[in-house]
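Structure assessment
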Amino acid sequence: MQPQVILRSFGYLTQAAGVTIAVSFAGIAIGFFIGALICAARVSRRGWVARLGAAYVSVFRGVPLLVQLLFIYYFLAEFGLDVPAVVAAVGGLALSSAAYQAEILRGAVNAVPRGQAEAAAALGFANLDVWRRVLLPQALRISVPPLINEFILLLKASSLVSVVGIAELTRVSMNIASMTYRPLEAYVGGGLFYLAINLTLAGFGALAERRLMPNGAP
Amino acid sequence: MMRSDRFSMTRREAFKAGLAAAVACGGLFGGARLALADDALAEVKKRGVLTTATEMQFPPFDISDNGTYKGLDRDLIDAVAKEMGVKASYLDLPWTSVLPGLEAKKFDLCIAPVTITKERMKRYAFTVPIADATAALMKRANDASITKPDDIAGKTVGGQKGTSQVEQLKAFAAKLPKPVEVKEYVDNNQSYADLAAGRIDASVNSLPNLAYAAQQRPDTFSVVLPPFGQPTYFSWVGRLDDKSLIDAVNAAILKVEADGTMAEMQKRWFGQSMDLPKTVPEPAI
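Examining the overall build of chain B
Across its full length, chain B holds 10 helices and 14 strands. Summarising the internal contacts of chain B: among those between residues at least 6 apart in sequence, 77% fall at separations of at least 24.

In C-alpha cells form, the structure reads like this:
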C-alpha cells in the first residue's frame, strides 16, 4: 500500500467526484419530477392512466440501467438519433430512478391513514386541498428515509455512465489503476470519495427527517 | 396495497401530468441531430476536427495521467491530424463500448490499438500498422519456474476478455503437454493485479504493453521472452464505408514514419524503435 499514489491523484479524483455528484444529482432531481408524475398516474382513478404508470415502472425498473444507457447512447443512433453523452447519462439515470422514486412516493401516499383524507373531506376541504394540506405533507415525511436510500443507490449506480464515455469516479479510479499499476490504492481512493459523498447525503437525510417532524419536534 | 379512490387525480390533472412527462422526455433528446451519410473525409475536413475514441487504460498506448490523455496513440494521432490539417478530439470509452460506438457513428476513428485479425477485417477498415501486437507472457519477477513460454503448461494464465492475445494464448496452450487454465478479465489491470497477488502464474498481452508494465514495476513483474504468438500488428480502425478517411489517415501515418517522427515516439513509449509494414498485412490469425 502506497498512500502517495492516492495523494498524487487527489486532484483527478476530486474532479471525477464532481462529475459523479453532478450527473447523479441531475438524475435524482429530474427523476424525482418524473417519478412524482408517474406516482400521480399510478394512483389515478382512470384505469388507462394507472396502467400507463404501471407499465413505465415495469419497463424502467425491469431493464438493467446499463442496458438502458447503452440503448439511449448507441442504439438510438442507429435510428438517426444522436444523443450527446451527458444527456444520455443524466437521462438514463433519471428515467431509471423515476421508476423507483414513483414507487417510493406511491407507498408513502398509501401509508397515510385513509381516515385522514376522509376527515379532511368531511371538514369541507376541496379535493386539491386534501392533497396539498393533508396527504402530501405526511407522505413526504414518510418517504424521506427510502428516498435517501434510493439517492445513495443511484449515486453508486452512476458508475455505469462510464459506458457512454463520462469520466466519473469509478472510471477515473480505473484509469489511475492502469496508469500506476497500483489498483489497490486507486480503488481505495475512489471508495473513500464515495463514502464521503454518501455520508453527507445521509446526514442531509437525517436533517430533512427532523425538519419535517410535526411542529419541528426533535 | 390499498388505493385511495376518492382522492385521486381528475382526468384533466392526469392529462396535464402525462403531457409534462412527454415534454420532459422529448427535452432529453432535444440535442439530437441526424447522422449524415456524407463523404467521411470531406465531412471531417469541413468540421476541422477528427473525433476519435479509445480506452485510456492501455499503457503505453493510452494513458489518462491525472486527466491528461497521453501515450503513443495520442502523439501519433496528433501528428496524423496535423498532416491532415485538422485537430483531433479524444473520447475515453470502456473497450467494450469502443467498437459499438464506432458502428453507431459516435466518432470517426478508433485509435485504440486493435489487433488485425481475419474475423475483424470483415467488419472494420484497418489502417496501416501502428505497432507490433505479438502476444507474449509476463510472470512474477521472483518466479523461477517459468523461463520460456512453454513453461506455462499446467499453470494458470490471465488476460483481457475479447482480445486477440487471449485467443492466441488458447491456441498456443492447446499444443502444450499439460492443459493451461485461462482466466479472462474485464481489463488487463485485473489480470496484472492477480498476477502480483499470486492468484495466476502469468498474464498474456502484447509485447509493448507487457514491456511497459514490467518497466513500471520491475521488482514485481518480468517479461517472458521470446513472444510466443504469431507475428501480428496493431492498427487503428474505422468504418468500412469511410474509405476516403482511412486512405487519408494511412497516407499521414506513412508520412510520419518516413520523416522519423514515428521512431522518436516509439523510443519514447516502447524504449526502442521498430519497423512496421507499410501496407495492411494479411492477418496470420
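Now that the structure has been shown, we can carry on.
A short note on helix H2 (residues 40-47) of chain B
All names here are of chain B. By the burial criterion, the buried members of H2 are Ala40, Leu41 and Val44. Each buried residue of H2 sits inside an arc of 95° when the element is viewed along its axis, so together they form one side. Seen from the open side of H2, the exposed residues pointing more than 90 degrees away from its buried face are Ala42 and Lys46. Looking at the buried residues of H2, the elements they touch are strand S1 (49-54) and helix H9 (243-258). Following H2 by one or two positions, Gly48 adopts a phi angle in the positive range, close to 80°.

Points about the pairing of strand S11 (residues 181-185) of chain B
Taken residue by residue, a regular strand's side chains alternate between the two faces of the sheet. Residue and element names in this part refer to chain B. Judged from the 5 bridges that link them, strand S10 (residues 156-160) and S11 form a sheet pairing that is parallel. Within S11, the position partnered with Thr156 by the bridge is Glu181. Remark: the S10/helix H6 (residues 164-174)/S11 crossover connection has right-handed handedness.

With respect to the sheet that holds strand S12 (residues 202-206) of chain B
Residues and elements named next belong to chain B. Reading across the sheet, the 5 strands line up as S11-S10-S12-S9-S13 and stay open at both edges, with mixed pairing between neighbours. Two strands close off the open sheet at either side, each with one partner strand: S11 and strand S13 (221-224). Geometrically, the sheet is characterised by an average inter-axis angle of 35° between neighbouring strands, direction not taken into account.

Comments concerning the pairing of S1 of chain B
All names here are of chain B. Bridge analysis of S1 against strand S5 (residues 87-92) gives 6 bridges, and the strand direction is parallel. Within the sheet, the bridge partner assigned to Ala53 lies in S5 and is Leu91. Relative to strand S6 (residues 109-115), S1 runs parallel, the two being bridged by 2 bridges. Following the sheet pairing, Thr52 is matched in S6 by Leu109.

Let's talk about the nonpolar core
Counting residues in each nonpolar core, the largest one holds 72 residues, and the members touching the most others are Leu76, Val80, Cys110, Leu137, Met138, Ala202 and Val249 of chain B. Per element, the largest residue contribution to this core is 7 residues, and it comes from H9 of chain B. Each of domain 1 (40-132 + 233-270) and domain 2 (135-224) of chain B contributes no fewer than three residues to this core. Apart from residues no more than four positions distant in its own chain, Leu76 of chain B is found in contact with Ile130, Val256 and Met265 of chain B. Formed by 68 residues, the second largest nonpolar core is a distinct cluster that contains Leu37, Leu65, Ala88 and Ala108 of chain A.

Observations concerning the sheet that holds strand S4 (residues 68-70) of chain B
A sheet is described by the order of its strands in space; here 3 strands give the open sequence S2-S3-S4 (chain B), paired in antiparallel fashion. Every interior strand has two partners, whereas the edge strands, strand S2 (57-58) and S4 of chain B, have only one. Where strand S3 (residues 62-65) of chain B and S4 of chain B come together, 3 bridges link them in antiparallel fashion. Its bridge partner lying in S4 of chain B, Ile63 of chain B is registered against Lys70 of chain B. Contacting S2 and S3 of chain B, helix H8 (residues 169-180) of chain A runs over the sheet at an angle of about 115° to S3 of chain B.

Focus: the domain arrangement of chain B
Reports of interface size often rely on the accessible area that becomes lost once the parts have come together. All names here are of chain B. Here the domain parsing of chain B yields domain 1 (40-132 + 233-270) and domain 2 (135-224). Facing 11 residues of domain 1, the contacting portion of domain 2 comprises 9 residues. For the side of domain 1 that touches domain 2, the elements supplying multiple residues, two or more each, are S2 and strand S8 (131-132). When grouped by side-chain class, the residues that make up the side of domain 1 that touches domain 2 number 7 nonpolar, 3 polar and 1 charged.

Rules and cut-offs
- Residues numbered from 1 in each chain as written.
- Chains lettered and ligands numbered in written order.
- Predicted model: local features only at pLDDT ≥ 70, side-chain atom pairs only at ≥ 80, totals over all residues.
- Helix = DSSP H or I, 4+ residues; strand = E, 2+ residues; numbered from the N terminus.
- Contact = placed C-beta atoms within 7 Å.
- Buried ≥ 20, exposed ≤ 12 C-beta atoms within 10 Å, placed from the backbone.
- Arc of directions from axis to C-beta.
- Pairing = 2+ DSSP bridges.
- Right-handed = clockwise from strand over helix to strand, strands pointing away.
- Axes fitted to C-alpha atoms, helices over the stretch in contact; angles between N-to-C directions.
- Core = buried A, V, L, I, M, F, W, Y, C linked by C-beta atoms within 7 Å.
- Domains from an automatic or database assignment.
- Nonpolar A, V, L, I, M, F, W, Y, C, P; charged D, E, K, R; others polar.

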